[in-house]
Amino acid sequence: MFAFWPPASSKGAIESLAKCLDIENAADGISFHLFHPPLTDTASASGLPIPKEFKADPKKVGYGLAKHFWSRRFVICHSPLQAVQMAFSYRHPLYIGRLMTQMAMRARNP
């Protein structure tokens, strides 16, 4: 999940649970996947201290996730760019965390 969006611990727990369920149920042909939408420009995200230009268009995100609904990947992203961003954030969580903190601080103190 997004290691840099608060609260990251709950997202990490959901990802760990999905991985365990996927492993435990593979013999029965049951698989588990995570839909991984980016921070989207919705009412629920309006209070976050992130500039609007960094939030994704809800319609594009919805159509992108729907297009990949039958994907066999464990983590399903709405676009190839988001998949690259996710891969980078998995490999460099501290760097991404610092970057997101800096962005949030700049948004609070323009």
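All figures in this text were calculated on a predicted structure; none of them were measured in a lab. (Residues numbered from 1 in each chain as written. Predicted model: local features only at pLDDT ≥ 70, side-chain atom pairs only at ≥ 80, totals over all residues. Heavy atoms only, no water.)

As for helix H2 (residues 58–67)
- Among all positions in H2, only Val61, Gly64 and Leu65 are buried. Around the axis of H2, the buried residues are gathered within 95° of arc, so they sit on the same side. The exposed set on the far side of H2, more than 90 degrees from its buried face, consists of Lys59, Tyr63 and Lys67. (Buried < 20%, exposed > 50% of the residue type's maximum accessible area, 1.4 Å probe, protein only. Helix = DSSP H or I, 4+ residues; strand = E, 2+ residues; numbered from the N terminus. Arc of directions from axis to C-beta.)

Thoughts on the environment of Tyr90
- For Tyr90, the location among the structural elements is in helix H3 (residues 80–91).
- Distance from Tyr90 to Ser31, taken between C-alpha atoms, is 21 Å for residues 59 residues apart in sequence.

Details of a nonpolar patch on the surface
- On the surface, Phe35, Phe69 and Trp70 cluster together into a nonpolar patch covering about 400 Å² of accessible area.
- When you line up the elements, Trp70 lands in the loop between H2 and strand E2 (75–76). (Patch = residues over 30% accessible without salt bridge, like charges linked within 9 Å, V, L, I, M, F, W, Y side chains within 5 Å. Areas by Shrake-Rupley, 256 points an atom, 1.4 Å probe, with all protein chains shown as cover. Salt bridge = Lys/Arg side-chain N within 4 Å of Asp/Glu carboxyl O.)

Some words on the confidence of the model for the protein chain
- Per-residue confidence for the protein chain gives a mean pLDDT of 84, with 91% of residues at or over 70.
- Across the protein chain, the element-wise mean pLDDT spans from 80 in helix H4 (residues 93–108) up to 92 in H2. (pLDDT = per-residue confidence, 0-100.)

Looking at the pattern of salt bridges
- Taken as a whole and judged by the stated rule, the model has two salt bridges.
- The residue Glu15 makes a salt bridge to Lys19 at a minimum N-O spacing of 3.3 Å. Here Glu15 and its partner Lys19 are both found in helix H1 (residues 8–25), four residues apart, which amounts to about one turn of the helix.

Description of the side chain of Lys55
- Looking at where Lys55 falls in the secondary structure, it is placed in the loop between strand E1 (34–35) and H2.
- For the buried residue Lys55, which engages in no salt bridge, the nearest side chain bearing the opposite charge is Asp41, 4.9 Å off.
- At 2.8 Å, the side chain of Lys55 forms a polar contact with the backbone oxygen of Ala45.
- Dropping the residues within four chain positions of it, Lys55 is found in contact with Leu39, Thr40, Asp41, Ala45, Ser46, Leu48 and Ile50. (Lys, Arg positive; Asp, Glu negative; His and termini not counted. Polar contact = N/O pair within 3.5 Å; in protein donor to acceptor, adjacent residues only side chain to side chain. Contact = heavy atoms within 4.5 Å.)

Thoughts on the packing of aromatic side chains
- Tallying each qualifying case throughout the model produces three aromatic pairs.
- Through successive ring pairs, a cluster of aromatic residues spans Phe35, Phe69 and Trp70. (Phe/Tyr/Trp six-rings, centres within 6.5 Å; stacked < 30°, edge-to-face > 60°.)

Observations concerning H3
- End to end, H3 covers 17 Å across 12 residues, agreeing with the expected 16 Å (1.5 Å per residue, within 8%).
- Those residues of H3 that fall on the buried side of the exposure criterion are Gln82, Met86 and Ser89. Angular distribution of buried residues about the axis of H3 spans 65°; they occupy a single face of the element. For H3, the exposed residues lying more than 90 degrees away from the buried face are Pro80, Leu81, Val84 and Arg91. (Expected span 1.5 Å × (residues − 1).)

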